[in-house]
Amino acid sequence: MCAAVVVSLAACGDDTEAVATEAVETEADATTTEVASAPTEPAAVAEPYRADAEQVVGSTDRVDYDVFIPQLAEGDPAVTAEFNESMRAALQDMIDTHDTDRYTLSTQEYDVTRIGERVVAGLLVVSYNMNPPGAHPSPLLATVVVDTDTATPVTLTDIFPDLPAGLERLSEQSALLLPDTAAGPNFDRSGIEPTEANFANWLPTPEGMEIHFGDYQVGPHAIGLVTVTVPWESLADVADPDVVAVLAS
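Residues numbered from 1 in each chain as written. Predicted model: local features only at pLDDT ≥ 70, side-chain atom pairs only at ≥ 80, totals over all residues. Heavy atoms only, no water.

1. Structural notes on helix α3 (residues 77-97)
Phase 1 of the analysis: Between its terminal C-alpha atoms α3 stretches 30 Å, which fits the 30 Å expected from 21 residues at 1.5 Å a residue.
Phase 2 of the analysis: Within the sequence span of α3, burial applies to V79, T80, F83, N84, S86, M87, A90, L91, M94 and I95.
Phase 3 of the analysis: For α3, the N-terminal cap is D76; the gap from its side-chain oxygen to the backbone nitrogen of A78 is 2.9 Å. (Helix = DSSP H or I, 4+ residues; strand = E, 2+ residues; numbered from the N terminus. Expected span 1.5 Å × (residues − 1). Buried < 20%, exposed > 50% of the residue type's maximum accessible area, 1.4 Å probe, protein only. Polar contact = N/O pair within 3.5 Å; in protein donor to acceptor, adjacent residues only side chain to side chain.)

Below, the structure is given as structure tokens:
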């Protein structure tokens, strides 16, 4: 459009052409300035994961429960949903399948224990008591570990390509570590037999695999809940290094 103006005014004389040319240059400058100052959309930045909690209250024909469970907020919605649903499922298992007697479930401990670069993890400990009350409440355990790269839970079979070899190593390492805990040197060795059930409750730390033993698993109720941390280097030849890299992140 500007070029057409110059051509049409050229016959009117040099002065007119100069004015027209100046007008064209001014309009071009204005256009250039407008493009340079156009606003840009900010890049989307994912919110970091945030530890949260949820109170779950209800009853069935034999179970009354009022329990806080760990939850996540923000972050990748798929990861947050996987973690939160897994924690609710862990509580539901305690409600549905413990035994046929009447009992109550209440809060003992709940925590998002780890928000790492590539992993999130949480611990739920629920106090189980007979209804009417028994001699003392007993703690029930559950742990959840989620790979944030894939939004999927991490299991023992993910960590150990040869599961029996991995469980054997966890058993051996636990035998070395338990004497320095409340369980003492006379710990119950049946609680560390190389089975998936004995090592089902674990959490990742930068240093190693934190094993949580249940009530009565490695000793009497009076010693409380016992944990040991098996260093990652002690599992190096039996664990998948790619999975360990995620868990230690």
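What follows picks up the thread again.
2. Considerations on the pairing of strand β2 (residues 63-73)
Phase 1 of the analysis: Across the 11 residues of β2, eight count as buried, placing the element largely inside the fold.
Phase 2 of the analysis: Here 10 bridges tie strand β1 (residues 50-59) to β2, and the two strands are oriented antiparallel to one another. Bridging across to β2, V56 finds its partner in V67.
Phase 3 of the analysis: The turn joining β1 and β2, which pair antiparallel and follow one another in sequence, is formed by three residues. (Pairing = 2+ DSSP bridges.)

3. Overview of the sheet that holds strand β7 (residues 202-204)
Phase 1 of the analysis: Strand order in the open sheet made by the three strands is β7-β8-β9, with antiparallel pairing throughout. Two strands lie at the open edges of the sheet, namely β7 and β9 (226-231), each paired on one side alone. Averaged over neighbouring strand pairs, the angle between their axes works out to 25° when direction is ignored.
Phase 2 of the analysis: Bridging between β7 and strand β8 (residues 208-213) involves three bridges; their strand directions are antiparallel. If you follow W202 over to β8, its bridge partner there is I211.
Phase 3 of the analysis: This element, helix α5 (residues 163-177), spans β8 and β9 of the sheet and lies at about 120° to β9. (Axes fitted to C-alpha atoms, helices over the stretch in contact; angles between N-to-C directions. Contact = heavy atoms within 4.5 Å.)

4. Quick notes on the confidence of the model for the protein
Phase 1 of the analysis: In the predicted model, the protein carries a mean pLDDT of 86, and the fraction of residues at 70 or more is 81%.
Phase 2 of the analysis: Contacts for the low-pLDDT stretch residues 1-38, under 50 throughout, to residues beyond four places or in other chains number seven contacts. (pLDDT = per-residue confidence, 0-100.)

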